[in-house]
Amino acid sequence: MIIDDQIYDLIIVGTGAGGGTLAYKLAASGKKILILERGNFMPLEEQNRSNVDIFKRERYHAPEQWYDSAGEPFSPQMNYAIGGNTKIYGAVLTRFREQDFETVNHQSGVSPEWGVKYADFEPYYTAAEQLYQVHGQVGADPTEPPHSQHYPFPAVSHEPQIESIVEGLTQQGLHPAPLPLGLTRQTDDPTNDSEVSGIVPALKHPNVNLKTGAKVVCLHTNPSGRVVKGVEAEIAGQCYLFLADLVVLSCGAVNSAALLLRSSSDRHPNGLANSSGLVGRNLMKSLMTVVVQLSTKPNSGAFPKTVCVNDFYGGDRDFPYPMGHIQNAGGLLTDIIFAEAPPMFSVLAKFMPGFGLKQLATHSIGWWAQTEDLPNPDHRVRVEGDKLYIDYTPNNVEAHDRLIYPTFRPLTVTSR
Ligand SMILES: Cc1cc2nc3c(=O)[nH]c(=O)nc-3n(C[C@H](O)[C@H](O)[C@H](O)COP(=O)(O)OP(=O)(O)OC[C@H]3O[C@@H](n4cnc5c(N)ncnc54)[C@H](O)[C@@H]3O)c2cc1C
């Protein structure tokens, strides 16, 4: 192993929403910072989401296999690149609601109270909205929590077809509101992400050093086993050891847990920071369904998602449990979720024979429905030898079905 001859104040593992934002915030401190990222910068053409090539299946899945509880391999949706999953995300930057931090009774169980509250997060939401240049409108959505400052930019206007749907929903007594979106006007790709907002400005500081293609494989403690001191990474087939006073794991929920579990030693036989046995457990993953509405009127197929409906967030008259959030999915030619589900187009084709992929996309409006699931200790990240297992079964399904079916009857394509 090659031992790096420098000692850093801080090592950040990963450059996604967590790592990229932290690097930006700490860069001006003058501390000696090393950022280790297993991916590389994404070439511009890879980022160009208006390209029809996005429909190529699993383009943004990691070149590795994980396993489900039954031992079946799958290719996870993990974008290993500078910016992590924010390079492909929808940039919808909503705040949690105040009640999300309290004990919440869901139809299939209880989501426990948090140790921190919305008020603790509020200043950080405000700072992040400035950094990620969020466009939105405070006060339009009755479920929205208090903001100490307005969004830094006005909300993005709706596409004409969406505008008429918004009017219809309002007449029905619902409260459609502008979606808060992180956008920047400075690049060809309008979506803001943690490379653009975090890593690039952080690297302007001489005290910040980035190593790409650096896959962290293990953390090492000091001899007493109490403090993490060393970070082992593979770079171009070689093993390197980097030393720091402070190490931040921000390589995503699954990979951060897997790294702690893989850093077992005589002192920590069940993995690092895992005396509770909870590392990797209570894995949560929202329930999501995309609903496609066919329209006789064509649209550009490339408009942004702009509207959300949160009237069922906490439940309704007939179902007093949280159901979730609805947003329009944006033009089907630009939405990543449709790259995930090419078979959907063959379903659509049955309804509109003679239509090609592009025509189908330009005669459709997508809707995205999302419901919280519940923490369960049996839902977990598990490491056995070299293999990474994800044990997970969807729960809180009735709440999700209630969100979809009364709202959308005609044709739904589920992507759970
Ligand atoms: C298609 C899609 C759409 C989404 N849309 C939205 C949205 O509209 N709004 C929203 O709020 N959220 C959205 N999300 C979720 C959001 O992208 C994630 O919650 C967020 O990126 C998580 O940030 P993170 O820093 O924890 O991890 P990530 O962003 O996943 O970053 C982790 C980083 O760590 C690196 N890494 C992993 N393992 C290692 C290792 N061993 N060594 C070194 N580096 C490593 C990865 O390469 C990556 O760069 C979306 C996600 C996807 C996939």
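Residues numbered from 1 in each chain as written. Predicted model: local features only at pLDDT ≥ 70, side-chain atom pairs only at ≥ 80, totals over all residues. Heavy atoms only, no water.

- An unreviewed UniProt entry lists the protein chain under the name Choline dehydrogenase-like flavoprotein, with Allocoleopsis franciscana PCC 7113 given as the organism.
- The Cofactor (unreviewed entry) comment attached to the protein chain in UniProt states, word for word, "FAD". (UniProt positions renumbered as here; feature names shortened; annotations may be inferred.)

**Description of the nonpolar core**
Okay, step 1: Grouped together as the largest cluster of nonpolar side chains are 31 residues, with contacts concentrated most on Ile-11, Leu-36, Val-216, Phe-242, Val-381 and Ile-390.
Okay, step 2: Contributions of two or more residues to this core are made by strand 1 (2–13), strand 2 (33–36), strand 11 (214–221), strand 12 (228–235), strand 13 (238–249), helix 6 (253–262) and strand 19 (387–391).
Okay, step 3: Filtering out sequence-adjacent residues up to four positions away, Ile-11 remains in contact with Leu-34, Leu-36, Val-231, Phe-242, Leu-243, Ala-244, Leu-246, Val-247 and Val-248.
Okay, step 4: Among the nonpolar cores identified, the runner-up in size contains 18 residues, and Ile-162, Ile-326, Trp-367 and Leu-403 belong to it. (Core = buried A, V, L, I, M, F, W, Y, C linked by side-chain atoms within 4.5 Å. Buried < 20%, exposed > 50% of the residue type's maximum accessible area, 1.4 Å probe, protein only. Helix = DSSP H or I, 4+ residues; strand = E, 2+ residues; numbered from the N terminus. Contact = heavy atoms within 4.5 Å.)

**Quick notes on the sheet that holds strand 18 (residues 380–384)**
Okay, step 1: On the basis of which strands lie adjacent, the open sheet formed by 4 strands has the order 4-3-19-18 and mixed pairing. This sheet does not close on itself; its edge strands, each paired only once, are strand 4 (73–74) and strand 18.
Okay, step 2: Here strand 18 runs beside strand 19; their pairing, made up of 5 bridges, is antiparallel. For Arg-380, the partnering residue across the bridge sits in strand 19 and is Asp-391.
Okay, step 3: Against the sheet, helix 6 makes contact with strand 3 (66–68), strand 18 and strand 19, and its axis sits at roughly 40 degrees relative to strand 18, the strand it touches most. (Pairing = 2+ DSSP bridges. Axes fitted to C-alpha atoms, helices over the stretch in contact; angles between N-to-C directions.)

**Observations regarding helix 4 (residues 160–171)**
Okay, step 1: In a regular helix each residue adds 1.5 Å, so 12 residues correspond to 16 Å; helix 4 covers 17 Å between its end C-alpha atoms and thus fits that length.
Okay, step 2: Of the residues making up helix 4, those classed as buried are Gln-161, Ile-162, Val-166 and Leu-169. For helix 4, the angular spread of the buried residues around the axis is 140 degrees, confining them to a single face. Residues Pro-160 and Gln-171 are exposed on helix 4 and point more than 90 degrees away from its buried face. (Expected span 1.5 Å × (residues − 1). Arc of directions from axis to C-beta.)

**Some remarks on the sheet that holds strand 10 (residues 208–211)**
Okay, step 1: In space, the 6 strands of this open sheet follow the order 10-2-1-13-12-11, with mixed pairing throughout. Two strands close off the open sheet at either side, each with one partner strand: strand 10 and strand 11. If you compare each strand with its neighbour and ignore which way they point, the axes differ by 40 degrees on average.
Okay, step 2: As paired elements, strand 1 and strand 2 share 4 bridges and run parallel to each other.

**What about the site of the ligand?**
Okay, step 1: The local shell around the ligand holds 28 residues, among which Gly-18, Glu-37, Gly-90, Val-92 and Val-216 are the closest.
Okay, step 2: Residue Gly-18 places a main-chain N or O atom 2.8 Å away from an oxygen atom belonging to the ligand.
Okay, step 3: Between the ligand and Ala-81 there is a distance of 3.0 Å, counted from an oxygen atom to a backbone nitrogen or oxygen.
Okay, step 4: Coverage of the ligand by the protein amounts to 78% of the 1000 Å² it exposes when considered alone.
Okay, step 5: Looking at the shell around the ligand, the element that brings in the most residues is strand 11, giving 3 residues. (Near = heavy atom within 4 Å. Polar contact = N/O pair within 3.5 Å; in protein donor to acceptor, adjacent residues only side chain to side chain. Areas by Shrake-Rupley, 256 points an atom, 1.4 Å probe, with all protein chains shown as cover.)

**Considering a nonpolar patch on the surface**
Okay, step 1: Residues Phe-96, Trp-114, Val-116 and Phe-121 make up a contiguous nonpolar surface patch of about 320 Å² in total accessible area.
Okay, step 2: Examined against the element boundaries, Phe-96 turns out to sit in the loop between strand 4 and strand 5 (104–106). (Patch = residues over 30% accessible without salt bridge, like charges linked within 9 Å, V, L, I, M, F, W, Y side chains within 5 Å. Salt bridge = Lys/Arg side-chain N within 4 Å of Asp/Glu carboxyl O.)

**Considering the pattern of salt bridges**
Okay, step 1: A full pass over the atoms with the stated rule returns 12 salt bridges.
Okay, step 2: Among the ionic pairs, Arg-38 bridges to Glu-64, the shortest N-O distance being 3.2 Å. With Arg-38 in the loop between strand 2 and helix 2 (44–47) and Glu-64 in the loop between helix 2 and strand 3, this pair connects stretches of sequence that are 26 residues apart.
Okay, step 3: By relative accessible area, Arg-38 is classed as partly exposed at 27%.
Okay, step 4: Ionic pairing is found between Glu-384 and Arg-382, a salt bridge with its closest N-O pair at 2.6 Å.
Okay, step 5: The exposure class assigned to Glu-384 is partly exposed, which follows from its relative accessible area of 42%.
Okay, step 6: One connected set of salt bridges, linked through shared partners, spans Lys-87, Asp-193 and Glu-195.

**Here we look at unusual backbone geometry**
Okay, step 1: Residue Ala-91 is not a glycine yet carries a positive backbone phi of 60 degrees.
Okay, step 2: A relative accessible area of 2% means that Ala-91 is categorised as buried.
Okay, step 3: At Gln-133, a position not held by glycine, the phi torsion is positive, near 50 degrees.
Okay, step 4: Looking at where Gln-133 falls in the secondary structure, it is placed in the loop between helix 3 (118–131) and strand 7 (134–135).
Okay, step 5: Since its relative accessible area comes to 17%, Gln-133 is described here as buried.

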